[in-house]
Amino acid sequence: MLGHSIAQSLISLIPGRLSAVLTLLPDSATPVTVNVFNAWLKPMDVHLSAYGNLNLQGDETMIKIPDSELNPTSNGREIRSRDQITIGGTNYRVVSARLMSVRTVWQCVARKEIA
């Protein structure tokens, strides 16, 4: 069984990690901005019509965010639908997010925002 500390250490082996800026829209009126430096994009299977209970349109991107960078001091931040992720000047709107891999990585399904 994969433990939390082992899963955490495996993140450093992932190639193509990117810097991202997350704009979280919590229940309060003030958005929270978080910088992460080890996000990565994961292609979605083009043959999928649904992901969990989410119907896909075909323009979604999977973005993975390490929980240790979102919550460096265990401060309880969560990624929710409607939050924004900016990578390399491209804005993505989160459609669905869940904490995966022994609670080490946020897996976000997002759509690119058209300016």
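Before reading further, recall that the structure is shown in the block above.
A quick note: this is a predicted structure, and the numbers were derived from the prediction, not measured.

Here is what the cut-offs are and how they apply
- Residues numbered from 1 in each chain as written.
- Predicted model: local features only at pLDDT ≥ 70, side-chain atom pairs only at ≥ 80, totals over all residues.
- Heavy atoms only, no water.
- Buried < 20%, exposed > 50% of the residue type's maximum accessible area, 1.4 Å probe, protein only.
- Helix = DSSP H or I, 4+ residues; strand = E, 2+ residues; numbered from the N terminus.
- Pairing = 2+ DSSP bridges.
- Core = buried A, V, L, I, M, F, W, Y, C linked by side-chain atoms within 4.5 Å.
- Contact = heavy atoms within 4.5 Å.
- Axes fitted to C-alpha atoms, helices over the stretch in contact; angles between N-to-C directions.
- Salt bridge = Lys/Arg side-chain N within 4 Å of Asp/Glu carboxyl O.

A few points about the pairing of strand 5 (residues 60-66)
Part 1 of the reasoning: With six of its seven residues buried, strand 5 lies for the most part within the structure.
Part 2 of the reasoning: Here strand 2 (residues 32-42) runs beside strand 5; their pairing, made up of three bridges, is antiparallel. Bridge pairing in strand 5 places Leu41 opposite Ile63.
Part 3 of the reasoning: With seven bridges joining them, strand 5 and strand 8 (residues 105-112) adopt antiparallel strand pairing. The partner of Thr61 across the bridge, within strand 8, is Ala110.

Some thoughts on the nonpolar core
Part 1 of the reasoning: Counting 17 residues, the largest nonpolar core has Leu22, Ile63, Ile65, Ile79 and Ile85 as the members making the most contacts within it.
Part 2 of the reasoning: Counting residues per element, the ones that place at least two in this core are strand 1 (18-24), strand 2, strand 5, strand 6 (84-87), strand 7 (90-100) and strand 8.
Part 3 of the reasoning: When near neighbours in sequence (up to four residues on either side) are disregarded, Ile79 contacts Leu22, Leu24, Ile65, Leu70, Val94, Ala97, Trp106 and Cys108.
Part 4 of the reasoning: Listed in part, the five residues of the second largest apolar core include Met44, Leu54, Met62 and Val109.

Quick word on the sheet that holds strand 1
Part 1 of the reasoning: Spatial ordering of the closed barrel is given by 1-2-5-8-7-6, a layout of six strands whose pairing is antiparallel. Taking the axes of each pair of neighbouring strands and ignoring which way they run, one obtains an average angle of 45 degrees across the sheet.

As for the environment of Arg111
Part 1 of the reasoning: Inspection of the secondary structure assignment puts Arg111 in strand 8.
Part 2 of the reasoning: When its relative accessible area of 18% is taken as the criterion, Arg111 is described as buried.
Part 3 of the reasoning: Once the C-alpha coordinates of Arg111 and Asp59 are considered, the two residues, 52 residues apart in sequence, prove to be 6.3 Å apart.
Part 4 of the reasoning: Not counting residues up to four positions away in its chain, the partners in contact with Arg111 are Asn55, Gln57, Asp59, Glu60, Asn91, Tyr92, Arg93 and Val95.

What about the pairing of strand 7?
Looking down a regular strand, the side chains alternate between one sheet face and the other.
Part 1 of the reasoning: Across four bridges, strand 6 lies against strand 7 in antiparallel orientation. Bridge assignment links Thr86 to a residue of strand 7, and that residue is Asn91.
Part 2 of the reasoning: The pairing of strand 7 with strand 8 spans eight bridges and is classified as antiparallel. From the neighbouring strand, Arg93 faces strand 8, where its bridge partner is Arg111.
Part 3 of the reasoning: Turn length for the strand 7-strand 8 hairpin, with the two strands adjacent in sequence and antiparallel, is four residues, and the turn residue Ser101 shows positive phi of about 50 degrees.

Topic: the pattern of salt bridges
Side-chain pairs of opposite charge can arise where the charged atoms are in close proximity.
Part 1 of the reasoning: Tallying each qualifying case throughout the model produces four salt bridges.
Part 2 of the reasoning: With a shortest N-O distance of 2.9 Å, Asp27 and Arg80 are connected by a salt bridge. Taken as a pair, Asp27 in the loop between strand 1 and strand 2 and Arg80 in the loop between helix 2 (67-70) and strand 6 lie far apart in primary sequence, 53 residues in all.
Part 3 of the reasoning: By relative accessible area, which is 72% here, Asp27 ends up exposed.
Part 4 of the reasoning: Its salt-bridge partner being Glu60, residue Arg111 comes within 2.7 Å of it at the nearest N-O pair. Of this pair, Arg111 sits in strand 8 while Glu60 is found in strand 5, placing the two residues 51 residues apart along the sequence. For the pair Arg111 and Glu60, one class covers both residues: buried.
Part 5 of the reasoning: Through salt bridges that share partners, Asp27, Glu78 and Arg80 make up one connected network.

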